[in-house]
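Reading the structure
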Amino acid sequence: MTIALNPGSVSLADLRAIWGGAPVALAPEAYAAIDAAAESIARIVASGRTVYGVNTGFGLLAQTRIPAERLAELQTNLVMSHSCGLGEDLSRPVMRLAMAMKVIGLARGHSGVTRLVVDRLLELLEADAIPCVPAQGSVGASGDLAPLGHLSAALLGEGRISLKGRTMPAGEALQALGLEPLALGPKEGIALLNGTQISTAVALDALFTGERVFASALVSGALSVDALKGSVAAFDPRLHEVRGQPGQIAVAAMLKRLLEGSPINASHADCGKVQDPYSFRCQPQVMGACLDVIRGASRTLEIEANAVTDNPIVFPDADEAVSGGNFHAQPVAFAADMLAMALCEVGSISERRTAVLVDPKMSGLPPFLVKDSGVNSGFMIAQVTAAALVSENKTLAFPASVDSIPTSANQEDHVSMATHGAAKARRIAGNAAGVIGIELLAAAQGIDFHAPLATAPRLDAVVREIRSHVPHYEADRYLADDLAWAQQAVLGGALSEPIQQELFE
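Residues numbered from 1 in each chain as written. Predicted model: local features only at pLDDT ≥ 70, side-chain atom pairs only at ≥ 80, totals over all residues. Heavy atoms only, no water.

**Considering the overall build of the chain**
Basically, it comes down to this: Put simply, DSSP marks the helices as runs of H or I at least four residues long and the strands as runs of E at least two long, and each gets a number from the N terminus on. The quantity called the radius of gyration is restricted to C-alpha atoms. Its globule counterpart is 2.2 Å times the number of residues to the power 0.38. Partly exposed residues are those whose accessible area sits between 20% and 50% of the maximum for their type, while under 20% is buried and over 50% is exposed, using a 1.4 Å probe and protein chains only. Two residues form a contact once any of their heavy atoms are found within 4.5 Å. Working convention for charge: Lys and Arg count positive, Asp and Glu count negative, and His plus the chain ends are omitted. For charged residues, the charge sits on one atom: NZ in Lys, CZ in Arg, CG in Asp, CD in Glu.
Assigned secondary structure in the chain consists of 21 helices and nine strands. Radius of gyration (C-alpha) of the chain: 26 Å, near the 23 Å computed for a compact globule of 505 residues. Considered along the principal axes of its C-alpha atoms, the chain spans approximately 85 × 50 × 45 Å. Burial status across the chain gives 56% buried among its 505 residues. The contacts of the chain with a sequence gap of at least 6 include a subset with a gap of at least 24, amounting to 79%. One finds the centroid of the 37 positive side-chain charges in the chain at a distance of 4 Å from the centroid of its 52 negative side-chain charges.

Below, the structure is given as structure tokens:
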């Protein structure tokens, strides 16, 4: 289904669909605001007033007045000089989000670009022609300058474009699509370059991936409870209602539903066991806090996705272009760091449950979840891999938002580091997916040892799906491919889709 962009009111669900590959179109009524802002810039230029970014230099060169006959050259030079990123290219889902959000921001009618600029971005999205943008080079103010420079350069026929998955020179891709390189008018270069769209897109990539990781962790956590023959008393809704934390209440309810109707659980209803380790018993408290943090970050990113974040900002009703700092991505930086910490904790508590399951003193299961242990090492080193990923995530979770470094000859003397923070959050999400994938396999193995008793119906469907790809661990075998499948199953979200829909959509 095509996502109709209504600038200022695009929802998180819309953005999630764009991330997933849904086609994009701009609501027709948005063009009036685009035209009004472009006409306002034309009047400002004609009046001879000095306006930053329209007829001046940039950054430290803001005091340099540019003559009218060189304004087009100014905008083109700006784009070329800023296209100096390094590193691997940003992923296709990230770039689709960035391009869509650039359309949203420009179409709010406060940037002063012509409709041709907005339409060109939409045409590239429709044609699956994605500018190749290096991931490194932004400090998160004045916007994501270097990466947005590469995005903008592609519109001018410079740099590279991936056309339906095939990378080629941007000019060649435009020619294949029957499009002319853009000739930028006053304000258009700086409107394209300023903005938080790249850092926000990377943060949204981390968020949407994190939603799948979080939901999968609830599945793996519930499975581990049954594999341990753990108690469901800790998920009694009365416990959580008296505390009142919304995420905690939601997680407890979800875990209780996932374990509902479990024959394994019913088999030990009258046992004398009172408490399980914290990593099992305190899932609502830990995962609920993570859920609240993730939801808070998502609200910030939804607002930012709809924001006008270039500079100066045009107010057509007064023919004013006001220079400010909406390009400063501090809200995105904080949101990314919150995501990073939450997802780090999701992986951390998952690894602890795996550690309990492989320990026969704690779990009552065969050592390292394999028969004939000693000859077989079972899940011994899989748990070590999970521990390694968790420790890497702890290092990555140090907040990027507390860092700053001056740039542009100290004109831009405090920056957000939002893009760096968002990239770290996404890496943490990928690592956490590996940790949770390992727990899923370990918990399924533990469930197998309770046969003929089965786990709860919703969880049994997950075990059957796992077993359709990964056989029971009977004896030591090459395990890396199984772990890779489990990590991808978490990242793909198929094992936890109903939970994602309930908690996030």
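**A few points about the layout of surface pockets**
Spelled out, the test is: Using only the protein atoms, space was sampled on a 1 Å grid; points where a 1.4 Å probe fits but cannot get out form cavities, open sets with protein on both sides within 12 Å along at least five of seven lines form pockets, and lining residues are those with an atom within 4 Å of a point. Grid points are joined across faces, edges and corners, and a volume is the space filled by probe spheres set on the points. Residue polarity is assigned by list, with Asp, Glu, Lys and Arg as charged and Ala, Val, Leu, Ile, Met, Phe, Trp, Tyr, Cys and Pro as nonpolar; anything else, Gly included, falls into the polar class.
Counted as a void, the second largest pocket has a volume near 420 Å³. Along the walls of the second largest pocket sit 16 residues, with Leu90, Ala135, Gln136, Val202 and Ala423 positioned nearest its centre. Of all elements in the fold, only strand E3 (86-89), strand E5 (134-136), helix H9 (197-227) and helix H18 (418-448) reach the threshold of two or more residues within the lining of the second largest pocket. Among the elements that make up the lining of the second largest pocket, the one with the highest residue count is H18 (four residues). Among the residues forming the lining of the second largest pocket, the class breakdown is five nonpolar, seven polar and four charged.

**Quick word on unusual backbone geometry**
The omega torsion of the bond from Asn311 to Pro312 falls at -5°, within 30 degrees of zero and hence cis. That bond from Ala451 to Pro452 is cis: its omega, 15°, falls within 30 degrees of zero. Take Pro452: it is sitting in the loop between H18 and helix H19 (457-467). Phi is positive for Leu369, close to 60°, though the residue is something other than glycine. Looking at the element boundaries, Leu369 is found in the loop between helix H16 (360-363) and helix H17 (380-396). A relative accessible area of 0% means that Leu369 is categorised as buried.

**Some words on the state of the cysteines**
A covalent bond between the sulfur atoms of two cysteines is what we call a disulfide. Basically, it comes down to this: When the sulfur atoms of two cysteines come within 2.5 Å, that pair is taken as a disulfide.
Inspection of every chain in the model, using the stated rule, returns zero disulfides. Residue Cys132 stays outside any disulfide, its sulfur separated by 17 Å from that of Cys84, the closest cysteine. Overall, Cys132 belongs to the buried group, its relative accessible area being 9%. In this structure Cys271 is a free cysteine whose sulfur lies 18 Å from that of Cys282, the closest cysteine sulfur available.

**Description of the sheet that holds strand E4 (residues 129-131)**
Picture the strands of a sheet paired through backbone hydrogen bonds; they go either parallel or antiparallel. As a reminder of what qualifies: Here, any two strands with at least 2 DSSP bridges between them count as paired. In this analysis, axes come from line fits to C-alpha atoms, helices being fitted only over the stretch in contact, and the angle between any two N-to-C directions falls in the range 0 to 180 degrees.
The sheet built from three strands is open, its strands ordered E4-E6-E7 with antiparallel pairing. Strand pairing shows two members of the sheet lacking a second neighbour, E4 and strand E7 (166-169), which therefore form its edges. Each neighbouring strand pair of the sheet contributes to a mean axis angle of 30°, computed without reference to strand direction. Note: strand E6 (residues 160-163) against E7, four bridges, orientation antiparallel. Within the sheet, the bridge partner assigned to Ser162 lies in E7 and is Thr167. Relative to the sheet, helix H4 (residues 92-106) contacts E4 and E6, its axis offset from that of E4 by approximately 90°.

**Let's talk about the pattern of salt bridges**
Oppositely charged side chains are able to pair whenever their charged atoms sit close together. Just so we agree on the cut-off: A side-chain nitrogen of Lys or Arg and a carboxyl oxygen of Asp or Glu constitute a salt bridge if their distance falls within 4 Å.
Throughout the structure, instances matching the rule amount to 19 salt bridges. Across the salt bridge formed by Glu123 and Arg120, the nearest N and O atoms sit 2.9 Å from each other. Here Glu123 and its partner Arg120 are both found in helix H5 (residues 115-126), three residues apart, which amounts to about one turn of the helix. The class of Arg120 is buried, set by a relative accessible area of 7%. Glu502 is paired through a salt bridge with Arg257; the nearest N and O atoms lie 2.3 Å apart.

**Some thoughts on the environment of Gln197**
Put simply, the rule reads: Polar contact is defined as a pair of N or O atoms within 3.5 Å, subject to the rule that within protein one atom must be able to donate a hydrogen and the other to accept it, and that residues adjacent in sequence are counted only when both atoms are side-chain atoms.
Structurally, Gln197 is set in helix H9. Gln197 sits 95 residues away from Lys102 along the chain, and the two C-alpha atoms are 6.2 Å apart. Among the polar contacts made by the side chain of Gln197, one reaches the side chain of Thr309 at a distance of 3.4 Å.

**What to know about the packing of H18 against H19**
Convention followed: Orientation labels follow simple angle bins: below 35 degrees gives roughly parallel, above 145 gives roughly antiparallel, 65 to 115 gives roughly perpendicular, and whatever is left gives oblique.
It is at 10 Å that the axes of H18 and H19 come closest, and there the two elements cross at 105°. Judged by the inter-axis angle, H18 sits roughly perpendicular to H19. Within the contact between the two elements, H18 uses Leu440, Leu441, Ala444, Gln445 and Asp448 and H19 uses Val463, Ile466 and Arg467. Residue classes in the contact of H18 with H19 are distributed as five nonpolar, one polar and two charged.

**Comments concerning the packing of aromatic side chains**
Worth spelling out the cut-off: Here the aromatic set is Phe, Tyr and Trp, taking the six-membered ring for Trp, and pairing holds for ring centres within 6.5 Å; pairs whose planes are under 30 degrees apart are stacked, those over 60 apart are edge-to-face, and all others are tilted.
Applying the stated criterion across every chain, the model contains three aromatic pairs. For the pair Trp19 and Phe208, a centre-to-centre distance of 5.3 Å together with 55° between the ring planes defines the contact as tilted. A residue pair is termed long-range when its members are at least 10 positions apart, and Trp19 in helix H1 (residues 12-19) and Phe208 in helix H9 qualify at 189 residues. For Trp19, a relative accessible area of 12% gives the class buried. Overall, the relative accessible area of 1% leaves Phe208 in the buried class. For the ring pair Phe214 and Phe504, a centre distance of 5.9 Å and an interplane angle of 80° mean the geometry is edge-to-face. One end of the pair, Phe214, is in helix H9; the other, Phe504, is in helix H21 (residues 497-504), with 290 residues separating them in the sequence.

This is a description of form; function is not addressed.
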